[in-house]
Amino acid sequence: MLKVEQLNQYYGESHTLWDLDMHVPEGQCTVLMGRNGVGKTTLLQCIMGLIKARDGVMQYQRQNLLGVDAEKRANLGIGYVPQGRQIFPLLTVEENLLIGLPARRDKVRSIPPFIFELFPVLKEMLGRRGGDLSGGQQQQLAIGRALVLDPKLLILDEPTEGIQPNIVAEIGDIIRKLNKDIGLTVLLVEQKLPFARKVGDRFCILDRGRRVAEGEMHRLDDGLIQRYLTV
Ligand SMILES: Nc1ncnc2c1ncn2[C@@H]1O[C@H](COP(=O)(O)OP(=O)(O)OP(=O)(O)O)[C@@H](O)[C@H]1O
């Protein structure tokens, strides 16, 4: 569904992603892993068009993404839940959910009810300001806001960062449900190994801006973990 090949990215003179290849197969959940600062967020931001890649190939459903600007990528069916959630703290839960709707091509202009089935807490808190929600509730809102656009590919950057363990398990269940029951293809950055194993079908590991391993989750062995993931 998404194919990245020979991608190079620079921050100024600093070469950050090096000849990077990654494959996200349709219907599967791929977990992007690696230590802090290896380039995971940079790669996601390149995919979303938020920062520019210098060269390489990025194809989504066989369409070249490099010439498509950031807003249009959402229209193509790519949903993004950024690191740190980035909800609007002064807007209500409802306003946060409504904000992306005008971008929908199918002219749906109300919040799809399945969002409240997935996240009942959002329905209870529709009138609350985003900034007054707990971290876990804000994460649910951030995922809900991405789902409002009816994506086919959902990209999440560390959805469990700074969230209580019981809510982490809930977020894991929701990601699995979105992937296995609703059929969304998922790409997520995750540092927590048990979580990655629980939700992921495949892994892709980065180290210093390069892809160093990729495969089915059951092939993520102690050698790879020691070499590329433990701190
Ligand atoms: N806006 C920026 N300008 C310059 N350098 C940057 C910028 N953003 C990130 N970097 C650098 O690029 C490298 C990759 O950062 P990136 O945030 O993509 O890594 P990451 O794997 O997502 O890390 P983390 O797990 O800590 O979020 C790091 O060395 C970082 O310092």
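Residues numbered from 1 in each chain as written. Predicted model: local features only at pLDDT ≥ 70, side-chain atom pairs only at ≥ 80, totals over all residues.

A. Structural detail: the UniProt feature "domain: ABC transporter" (unreviewed entry) in the protein. UniProt tags residues 2–231 as "domain: ABC transporter" (unreviewed entry). Each end of residues 2–231 is marked by a C-alpha atom, and these two atoms are 30 Å apart; helix forms 33% of the span and strand 27%. (UniProt positions renumbered as here; feature names shortened; annotations may be inferred. Helix = DSSP H or I, 4+ residues; strand = E, 2+ residues; numbered from the N terminus.)

B. The site of the ligand, seen in detail. The ligand sits among Tyr 11, Ser 14, Thr 16, Gly 34, Asn 36, Gly 37, Val 38, Gly 39, Lys 40, Thr 41 and Thr 42. Secondary structure elements with two or more residues in the shell around the ligand: β2 (14–24) and α1 (40–48). It is α1 that contributes the most residues to the shell around the ligand, 3 residues altogether. Classifying every residue of the shell around the ligand by side-chain character gives 2 nonpolar, 8 polar and 1 charged. (Near = placed C-beta within 6 Å. Nonpolar A, V, L, I, M, F, W, Y, C, P; charged D, E, K, R; others polar.)

C. A look at the sheet that holds strand β8 (residues 185–189). Within the open sheet, the 6 strands sit side by side as β6-β7-β8-β3-β9-β10. Their pairing is mixed. Unpaired on one side and paired on the other, β6 (78–81) and β10 (210–216) mark the two borders of the sheet. Pairs of neighbouring strands in the sheet enclose a mean axial angle of 15°, with direction left out of account. Here strand β3 (residues 29–33) pairs with β8 via 4 bridges, running parallel. The residue bridging Thr 30 from the neighbouring strand is Leu 187, located in β8. Each of β3, β6, β7 (153–157), β8 and β9 (202–207) is contacted by α1, which is oriented at about 145° to β7, the strand it contacts most. (Pairing = 2+ DSSP bridges. Axes fitted to C-alpha atoms, helices over the stretch in contact; angles between N-to-C directions. Contact = placed C-beta atoms within 7 Å.)

D. Expanded view of helix α7 (residues 165–181). Along its 17 residues, α7 runs 24 Å from first to last C-alpha, staying within 8% of the 24 Å computed at 1.5 Å per residue. Buried residues along α7 sit in contact with β3, β7, β8 and α8 (193–199). Count one or two residues on from α7 and you reach Gly 183, which has phi positive near 85°. (Expected span 1.5 Å × (residues − 1).)

E. Geometry of the nonpolar core. In terms of nonpolar packing, the biggest core is built from 54 residues, with Leu 32, Ala 146, Leu 154, Ile 155, Val 186, Leu 187 and Leu 188 touching the most fellow members. Top contributing element to this core by residue count: helix α6 (residues 135–147), with 5 residues. (Core = buried A, V, L, I, M, F, W, Y, C linked by C-beta atoms within 7 Å. Buried ≥ 20, exposed ≤ 12 C-beta atoms within 10 Å, placed from the backbone.)

F. View of the environment of Ile 143. With respect to the helices and strands, the residue Ile 143 is situated in helix α6. For Ile 143, a count of 23 C-beta atoms within 10 Å gives the class buried.

G. Focus on the confidence of the model for the protein. On average, residues of the protein carry a pLDDT of 93, and 100% of them reach 70 or more. The complex prediction reports pTM at 0.94, with the ipTM value standing at 0.96. (pLDDT = per-residue confidence, 0-100.)

H. Representation of unusual backbone geometry within the structure. Notably, Arg 62 is not glycine yet its phi reads approximately 70°, a positive angle. Mapping Arg 62 onto the fold places it in the loop between β4 (55–60) and β5 (63–64). Residue Arg 62 is classed as exposed on the basis of its 7 C-beta neighbours within 10 Å. Phi at Gln 86 takes a positive value of approximately 50°, unusual for a residue other than glycine. Within the secondary structure layout, Gln 86 lies in the loop between β6 and α3 (93–98).

I. Molecular detail of the pairing of β4. Both strand β1 (residues 2–11) and β4 contribute to a ladder of 5 bridges, which runs antiparallel. Within the sheet, the bridge partner assigned to Val 4 lies in β4 and is Met 58. Where β4 meets β5, 2 bridges bridge the pair, whose relative direction is antiparallel. Directly across from Gln 59, in β5, lies its bridge partner Asn 64. Adjacent in sequence and paired antiparallel, β4 and β5 are bridged by 2 residues, among which Gln 61 carries a positive phi angle near 45°.

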